[in-house]
Amino acid sequence: SRIEQGLRQADLETELSLVFQPVYNLATGDIYSVEALARWNNPELGFVPPDVFFPMAEKTGRVNDLTRTLFNRLLAEVATWPEHIGFSFNLSAHDLAISDMMNWLIARIEQSGIAPKRITFEVTETAILRDFDAARHHIDRLRQCGARVALDDFGIGFSSLRYIHELDIDCLKIDRSFITPIVTNPRSQSIVKTVFDMCENFGIDCVVEGVETAEQCDVLRHFGARYAQGYLFARPAAKFSFDPLVSVLA
Ligand code: G
Ligand code: G
Ligand code: NA
């Protein structure tokens, strides 16, 4: 395909960029963490969305190159941020499966001088499923270096309790498909309450994704949501404010 071809030949340094979307602590309004999201702008194809080009990069074997370029970009950017601001970076299935990729990430963190506890790696259920034993081993390695690990898009993959049971993770992100109908759908409400309880029992932070309206936010807070991300608070953007939220929580 044209996109596949474009990706093979892409000049990653100039065509890839990052945007950022803060996740907020709903009790204090402070930033909990800032998620970095990749953007690809190709001279011929224009903007291609990440859910199109990452799967393709996995197929063409370029995904590790993308990850390296993006992580270097992120570390450079973060060096200009206040030191109390944490951030997260998404790993692809093929990153999480490769020991060399883990060695590279850990070495880069150590060279950067950035406190590892500020860094969260987001991994999906699908990525873990690809090779569970490798994923578990690599998650342990990232955590041993002091970084945090979040299970992303929770609930839509092969959501198995095995992930919670056997993996040491720091954070779980509930997929936005459970949040979108939260105001009127008692089943979504039961699910998020159950996941909040489970996270509490395991000592795992829980983030709700895709909060778009004040009504959704109110209902989620009523059910005990602590950390939230979504267009209501901030859209992914090249620049964002380090200030705490006030308006939405007042
Ligand atoms: O950013 P939205 O902004 O369109 O992102 C769509 C999907 O692409 C999300 O599921 C997100 O996890 C994934 N994604 C965005 N940036 C990255 C990245 O840097 N690496 C990987 N592996 N996935 C990413
Ligand atoms: O799957 P992951 O959580 O990594 O990706 C986040 C994706 O969700 C990105 O594509 C981002 O642009 C998108 N996103 C973030 N906030 C919202 C929101 O409030 N509503 C919708 N529809 N998408 C969102
Ligand atoms: Na993510």
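Model, not experiment: these values are computed from the prediction.

Engineer: Hey, could you run me through the site of ligand 2 in this one?
Structural biologist: As a matter of local geometry, ligand 2 sits amid 14 residues, with Gly210, Glu212, Gly230, Tyr231 and Pro236 nearest to it. Of the residues contributing to the shell around ligand 2, the split by class is four nonpolar, five polar and five charged.

Engineer: Explain the site of ligand 1 here, please?
Structural biologist: The immediate surroundings of ligand 1 are formed by Leu37, Ala38, Pro49, Pro50, Asp51, Phe54, Leu70, Asn90, Leu91, Ser92 and Pro236. For the shell around ligand 1, the secondary structure elements donating two or more residues are strand S2 (31-42) and helix H3 (50-60).

Engineer: Explanation requested: the confidence of the model for the protein in the structure shown.
Structural biologist: Any segment with low pLDDT has predicted coordinates that should not be analysed in fine detail. On average, residues of the protein score 95 in pLDDT, and 100% of them reach the 70 mark or higher. The complex prediction reports pTM at 0.97, with the ipTM value standing at 0.97.

Engineer: Quick question: what am I supposed to make of the environment of glutamine 216 here?
Structural biologist: Note that glutamine 216 resides in helix H11 (residues 214-222). Glutamine 216 gets classed as buried once you count the C-beta atoms within 10 Å, which come to 22. For the pair glutamine 216 and valine 183, spaced 33 residues apart in sequence, the C-alpha separation works out to 5.7 Å. Apart from the residues lying within four places of it in its own chain, the contact partners of glutamine 216 are Ile179, Ile182, Val183 and Val211.

Engineer: Looking at this structure, how should I read the nonpolar core?
Structural biologist: Note that soluble globular proteins tend to have their nonpolar side chains buried in a common cluster. Counting residues in hydrophobic clusters, the biggest one holds 64 residues, and the most contacted among them are Leu172, Ile174, Val208 and Ala228. Ignoring anything within four residues of it in the chain, the contact list for alanine 228 reads Val23, Tyr24, Leu26, Val207, Val208, Val211, Cys217, Leu220 and Phe233.

Engineer: How should I be thinking about H3 in this particular structure?
Structural biologist: Each full turn of the α-helix corresponds to 3.6 residues, which orients residues three or four apart in the same direction. Buried within H3 we find Phe53, Phe54 and Ala57. Taken around the axis of H3, the buried residues stretch over an arc of 100 degrees, which confines them to a single face. In H3, those exposed residues whose orientation departs by more than 90 degrees from the buried face are Asp51, Pro55 and Lys59. Elements that come into contact with the buried residues of H3 comprise helix H1 (2-9), S2, strand S3 (46-48) and helix H4 (63-78). Following H3 by one or two positions, glycine 61 has its phi on the positive side, about 80 degrees.

Engineer: In this structure, what is going on with the packing of H4 against helix H6 (residues 99-112)? I would like to understand it.
Structural biologist: How two helices pack is summed up by the angle between their axes together with the distance between the axes. Taken N-terminus to C-terminus, the directions of H4 and H6 make an angle of 15 degrees; their axes are 11 Å apart at the nearest point. Overall, the two elements H4 and H6 adopt an arrangement that is roughly parallel. Two packed elements cross with a definite hand, and for H4 against H6 that hand is right-handed. The segment H4 lies against H6, with Asn64, Thr67, Arg68, Phe71 and Leu75 engaging Met101, Trp104, Leu105, Arg108 and Ser112.

Engineer: What exactly am I supposed to notice about the environment of asparagine 41 here?
Structural biologist: Within the fold, asparagine 41 resides in strand S2. C-alpha of asparagine 41 to C-alpha of serine 17: the two residues are 24 residues apart in sequence and 8.1 Å apart in space. Each residue touching asparagine 41, except ones within four places of it in the same chain, is listed here: Glu15, Gly46 and Phe47.

What counts as what
Residues numbered from 1 in each chain as written. Chains lettered and ligands numbered in written order. Predicted model: local features only at pLDDT ≥ 70, side-chain atom pairs only at ≥ 80, totals over all residues. Near = placed C-beta within 6 Å. Nonpolar A, V, L, I, M, F, W, Y, C, P; charged D, E, K, R; others polar. Helix = DSSP H or I, 4+ residues; strand = E, 2+ residues; numbered from the N terminus. pLDDT = per-residue confidence, 0-100. Buried ≥ 20, exposed ≤ 12 C-beta atoms within 10 Å, placed from the backbone. Contact = placed C-beta atoms within 7 Å. Core = buried A, V, L, I, M, F, W, Y, C linked by C-beta atoms within 7 Å. Arc of directions from axis to C-beta. Axes fitted to C-alpha atoms, helices over the stretch in contact; angles between N-to-C directions. Parallel < 35°, antiparallel > 145°, perpendicular 65-115°, else oblique. Left-handed = near helix turned anticlockwise from the far one by under 90°.

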